[in-house]
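What follows is each chain in one-letter form.
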Amino acid sequence: MTNDEAQRTGDAPLNALVVYFSQTGNTEQVAGAMAAGLAEAGCDAVDLRPIHQVTPDAWLAYRVVGLGTPVFYYHEPAPVRDWIKALVRRPDPVPVFTFNTNGGNPCNTLRRMQKFLAKRGGRVLDSFECWGYDTYPIYLKSFRKWGHPSADDLAAAKAFGRGFVEKARAFHAGRAAPEAAYDFVGGRTFRLSWICRKPFLDRFFPKLHLVPPLCIRCGACAQACPTGNILMQPDPLFLNLCIHCYLCERICPTNAIRCDWRFWTRKMNPDAPPPPAEQSA
Ligand SMILES: Cc1cc2nc3c(=O)[nH]c(=O)nc-3n(C[C@H](O)[C@H](O)[C@H](O)COP(=O)(O)O)c2cc1C
Ligand code: SF4
Ligand code: SF4
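Trainee: Tell me what's going on with helix 3 (residues 78-86), and back it up with residues and numbers.
Mentor: For helix 3, the full list of buried residues reads A78, V80, W83 and I84. On its buried face, helix 3 sits against strand 3 (64-70) and helix 4 (109-118).

Dropping the structure here:
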């Protein structure tokens, strides 16, 4: 069979790229399970990569693409949105699957990603969602979705990866491979997703404060920040790229980064135990 015939019948080698953004490892685990499923079902090569390692033209070389994200503030976080928007437009559409892990309220995340990807030549045929332990500071102490992704979630993710291979083959062979369809989530959740954008978060959500005497200048916060918002000079300096993920606050080994969570904890998680006094300064 010639290469052209193989492409037409969908029998050409299927190489897959699975890209993910993951701050605390939940989405990364799901991405790994999906990649394993793709490989098991006969993908010829599967590349699994964190988003910051994937250049905007890299996806042109693949015949299956998966993109995974956590849900932050009811949508995909800025690093994921920016990555999709920077993608080099594909001359030929490619079958894509999207996935997310979330704390129970993903709102229109999958629908939004489908729309952004379509503009660059990605055809989203299917998607997957599951819970992931929610480490947002307001919910941290209530252990929301603790234990997720669970073994069952990961088994389902692997099965999803296996199943997607057939969909991709059908797509490349020109057989019916309908796009995924998502109901629009409106109401209060949609209003919140619309409100919780950078200007609102910058203005009303807790600000990061450095307590200089406590900082040992280890650089862990700057290294972990997903947007490069922290410069070591040599003390950490916060720029204007913050997406309010509060990872730096959580991981600082000396508790030198502080935020005042009292107002939002009372509002969003009134049953949580009060924060220790020293963290509410
Ligand atoms: C800054 C932040 C905002 C979040 N916002 C939401 C949200 O709006 N809806 C939701 O369902 N989960 C939300 N979560 C929970 C995460 O989506 C969930 O814990 C996810 O599994 C994290 O994935 P990761 O470990 O790959 O980063 C939020 C978590 C963080 C840290
Ligand atoms: S992680 Fe904490 S101690 Fe380390 S540089 Fe950042 S603020 Fe300083
Ligand atoms: S500065 Fe802190 S809260 Fe802001 S994006 Fe970076 S890690 Fe997240």
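Trainee: Tell me about the packing of helix 2 (residues 26-40) against helix 6 (residues 151-172), residues and numbers included.
Mentor: Two elements in contact, helix 2 and helix 6, have axes separated by 7 Å at closest approach and are oriented at 40°. Taken together, the axes of helix 2 and helix 6 lie oblique to each other. The two elements helix 2 and helix 6 meet at a crossing, and its hand is right-handed. Here Q29, V30, A33, M34, A35, A36, G37, L38 and E40 of helix 2 come into contact with helix 6, specifically with L154, A157, K158, A159, F160, G161, R162, F164 and V165. Counted by class, the contact of helix 2 with helix 6 contains 12 nonpolar, 3 polar and 3 charged residues.

Trainee: Which residues make up the site of ligand 1, and what values do they have?
Mentor: Around ligand 1 sit 24 residues in total, of which N26, T27, P70, G103 and G132 are the nearest. Contributing elements (two or more residues each) for the shell around ligand 1: helix 2 and strand 4 (94-102).

Trainee: Could you give an account of the nonpolar core, with specific residues and numbers?
Mentor: Core analysis: the largest hydrophobic core is formed by 41 residues, its most contacted members being A16, V18, M34, L38, V64, V65 and V96. Sorting the residues of this core by element identifies strand 1 (15-20), helix 2, strand 3, helix 3, strand 4, helix 4, strand 5 (122-131) and helix 6 as the ones contributing at least two each. F72, Y73, Y74 and C107 belong to the second-largest nonpolar core, a separate cluster that totals 9 residues.

Trainee: Describe the domain arrangement of the protein, naming the residues involved and giving the relevant values.
Mentor: Entries for the protein in the domain assignment read domain 1 (3-172) and domain 2 (207-280). Its C-alpha centre places domain 1 at a distance of 29 Å from the equivalent point of domain 2. Counting residues at the interface gives 11 residues for domain 1, matched by 15 residues for domain 2. Where the side of domain 1 that touches domain 2 is concerned, the elements lending two or more residues are helix 3 and helix 5 (137-140). It is helix 5 that contributes the most residues to the side of domain 1 that touches domain 2, 3 residues altogether.

Trainee: Which residues make up unusual backbone geometry, and what are the values?
Mentor: Residue P149 is reached from H148 by a cis peptide bond, and omega for that bond is 0°. In this structure, P234 follows Q233 across a cis peptide bond, with omega equal to -10°. Its location among the elements puts P234 in the loop between strand 7 (230-232) and strand 8 (236-238). Notably, Y246 is not glycine yet its phi reads approximately 65°, a positive angle. For Y246, the location among the structural elements is in the loop between strand 8 and helix 10 (247-251). Accessibility expressed as a C-beta count within 10 Å gives 21 for Y246, which makes it buried.

Trainee: Outline the sheet that holds strand 2 (residues 45-50), supporting the account with residue identities and numerical values.
Mentor: Sheet architecture is open: 5 strands sit in the order 2-1-3-4-5, paired in parallel fashion. Looking at strand neighbours, the two that pair on one side only are strand 2 and strand 5, the edges of this open sheet. Between one strand axis and the next, the sheet turns through 15° on average, direction left out of account.

Trainee: Requested: an account of the pairing of strand 3, with residues and values cited.
Mentor: Counting buried residues in strand 3 gives 7 out of 7 residues, a clear majority hidden from the surface. Burial along strand 3 is two-sided: V64, G66, G68 and P70 and V65, L67 and T69, pointing in opposite directions, are all buried. One ladder, built from 5 bridges, connects strand 1 with strand 3; its direction is parallel. From the neighbouring strand, Y20 faces strand 3, where its bridge partner is G68. Strand direction decides the pairing type here: strand 3 and strand 4, joined by 6 bridges, are parallel. Residue pairing across strands places V65 opposite V96, the latter belonging to strand 4. Crossover connection from strand 3 via helix 3 to parallel strand 4: handedness right-handed.

Trainee: Now, about the site of ligand 3: what can you tell me, with residues and values included?
Mentor: Around ligand 3 sit 13 residues in total, of which C225, N229, C242, C245 and C248 are the nearest. Residue composition of the shell around ligand 3, grouped by class: 10 nonpolar, 3 polar and no charged.

Trainee: Provide a residue-level description of the pairing of strand 2, including the pertinent values.
Mentor: Where strand 1 and strand 2 come together, 6 bridges link them in parallel fashion. Across the sheet, V19 pairs through a bridge with R49, a residue of strand 2. The parallel pair strand 1 and strand 2, bridged by helix 2, forms a crossover whose chirality is right-handed.

The rules behind each value
- Residues numbered from 1 in each chain as written.
- Chains lettered and ligands numbered in written order.
- Predicted model: local features only at pLDDT ≥ 70, side-chain atom pairs only at ≥ 80, totals over all residues.
- Buried ≥ 20, exposed ≤ 12 C-beta atoms within 10 Å, placed from the backbone.
- Helix = DSSP H or I, 4+ residues; strand = E, 2+ residues; numbered from the N terminus.
- Contact = placed C-beta atoms within 7 Å.
- Axes fitted to C-alpha atoms, helices over the stretch in contact; angles between N-to-C directions.
- Parallel < 35°, antiparallel > 145°, perpendicular 65-115°, else oblique.
- Left-handed = near helix turned anticlockwise from the far one by under 90°.
- Nonpolar A, V, L, I, M, F, W, Y, C, P; charged D, E, K, R; others polar.
- Near = placed C-beta within 6 Å.
- Core = buried A, V, L, I, M, F, W, Y, C linked by C-beta atoms within 7 Å.
- Domains from an automatic or database assignment.
- Pairing = 2+ DSSP bridges.
- Right-handed = clockwise from strand over helix to strand, strands pointing away.

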